[in-house]
Amino acid sequence: MTQKTLTYDDLDITLEDIYEAMGYHGARPDDATLHETQVILDDVRHWLRPQFCFLVVQQLPSFEIGNIIERQLRGSEAYTLFICTSGIEYETYQQRLKAEGDLVRVFIADALGSVIAEKTADQMELAVQENINKLGWHHTNRFSPGYCGWHVSQQQLLFPLFEGNTCGVTLTDSSLMVPIKSVSGIMGIGKEVRKLEYTCGLCDFEKCYKRKLKFTK
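Described in the following lines is the structure provided in the data block. Everything quoted here is computed from the prediction, not taken from an experiment.

What counts, and at which threshold
- Residues numbered from 1 in each chain as written.
- Predicted model: local features only at pLDDT ≥ 70, side-chain atom pairs only at ≥ 80, totals over all residues.
- Heavy atoms only, no water.
- Helix = DSSP H or I, 4+ residues; strand = E, 2+ residues; numbered from the N terminus.
- Buried < 20%, exposed > 50% of the residue type's maximum accessible area, 1.4 Å probe, protein only.
- Contact = heavy atoms within 4.5 Å.
- Core = buried A, V, L, I, M, F, W, Y, C linked by side-chain atoms within 4.5 Å.
- Phe/Tyr/Trp six-rings, centres within 6.5 Å; stacked < 30°, edge-to-face > 60°.
- Pairing = 2+ DSSP bridges.
- Expected span 1.5 Å × (residues − 1).
- Arc of directions from axis to C-beta.

Turning next to the environment of Val183. As for its position among the elements, Val183 is in strand S7 (residues 182-190). Val183 gets classed as buried once you look at its relative accessible area, which sits at 10%. A C-alpha to C-alpha distance of 11 Å links Val183 and Cys53, two positions 130 residues apart in sequence. Residues in contact with Val183, not counting those within four places in the same chain, are Phe82, Ile83, Cys84, Ala117, Glu118, Ser144 and Met177.

See below:
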């Protein structure tokens, strides 16, 4: 098991990343939104503590991952299971903004939280690659319950494998993660696997936000 706590600066988040998540897709937000975004960033960067944890298993757990993910994991010699989160502090921050009723800041914080979770997952990938470099191995794309035919309820099989070491992330009865700005899933690792540049054509989930970003640019 590997677990790490990061800071905001570790994530290499750009303003363009945030604006993309907000739906601007290359356009410049209005001055008021720019100002509010900067206010939130100036606050968050001082206390944000996102985390990731991952473990490596030799056998594919008995998940019902579906044909799409199964094909992408083919050739793996082992598997990395992971949980990445923006952190409890960020969840509390979002709840406070909602209670204050500032809808603009709620919207910005929601977009930023998604970026934080994804960037934390990017750092997890780098840590995995560093661990397997000595073997000459590579890793696949990361795949999460709720996407590519892998039902979100499978979180209930994934989380127990961490034996309680889940970076503070818990599951609701409907298998949603808390903090909500979290990412979990699986990657294949081995000599013969690769991370692909684009995978939207492999997935049939039309409402995926990554698919939306790709086709609205």
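Turning to the nonpolar core, a few remarks are in order. For soluble globular proteins, nonpolar side chains are generally found buried alongside one another. Membership of the largest hydrophobic core comes to 37 residues, with the highest contact counts inside it found for Ile13, Val44, Tyr90, Leu112 and Met124. Among the secondary structure elements, those contributing two or more residues to this core are helix H1 (15-22), helix H2 (31-47), strand S2 (51-57), strand S3 (78-85), helix H4 (88-100), helix H5 (103-132) and S7. Once you skip the residues sitting within four places of it in the chain, Met124 turns out to touch Phe52, Phe54, Phe82, Cys84, Arg142 and Met187. Ile65, Phe143, Cys148 and Phe159 belong to the second-largest nonpolar core, a separate cluster that totals 20 residues.

Let's shift gears to the side chain of Lys119. Assignment of secondary structure puts Lys119 in helix H5. Setting aside residues up to four positions removed in sequence, Lys119 forms contacts with Leu11, Asp12, Ile13 and Asp17.

This brings us to the packing of aromatic side chains. The final tally for this structure, using the stated rule, is 6 aromatic pairs. With 6.2 Å between their ring centres and 20° between their planes, Phe52 and Phe54 make a pair best called stacked. Summarising the burial analysis for this pair, Phe52 and Phe54 share the class buried. Three or more aromatic residues joined by ring pairs make a cluster, and in this case those are Trp47, Tyr90 and Tyr93.

Along S2, 5 of the 7 residues are buried, which leaves the element largely enclosed by surrounding structure. Sheet topology note: the strand S1 (residues 2-5)/S2 ladder contains 4 bridges and is antiparallel. Its bridge partner being in S2, Thr5 is matched across the sheet by Gln51. One ladder, built from 7 bridges, connects S2 with S3; its direction is antiparallel. In the strand pairing of S3, Gln51 is matched with Thr85.

Okay, H4 next. Between its first and last C-alpha atoms H4 spans 19 Å; for 13 residues at 1.5 Å apiece the expected length is 18 Å, and the two agree. Of all the positions in H4, only Tyr90, Glu91, Tyr93, Gln94 and Leu97 are classed as buried. Down the axis of H4, the sector holding all buried residues measures 160°, keeping them to one side. Those residues of H4 that are exposed and aimed more than 90 degrees away from the buried face are Thr92, Ala99 and Glu100. Contact partners of the buried residues in H4: H2, H5 and strand S6 (177-178). Of the residues one or two after H4, Gly101 is the one with positive phi, at around 75°.

Okay, H1 next. Turning to H1, its buried residues are Ile18, Tyr19, Glu20 and Met22. Positive phi shows up at Gly23, right after H1, with a value of about 100°.

Bringing unusual backbone geometry into the picture now. With an omega of 0°, the peptide bond between Val178 and Pro179 qualifies as cis. In this fold, Pro179 is placed in the loop between S6 and S7. In this model, Cys167 sits at a positive phi of 60°, which is unusual for a non-glycine residue. Looking at the secondary structure, you find Cys167 in the loop between helix H6 (155-158) and strand S5 (170-171).

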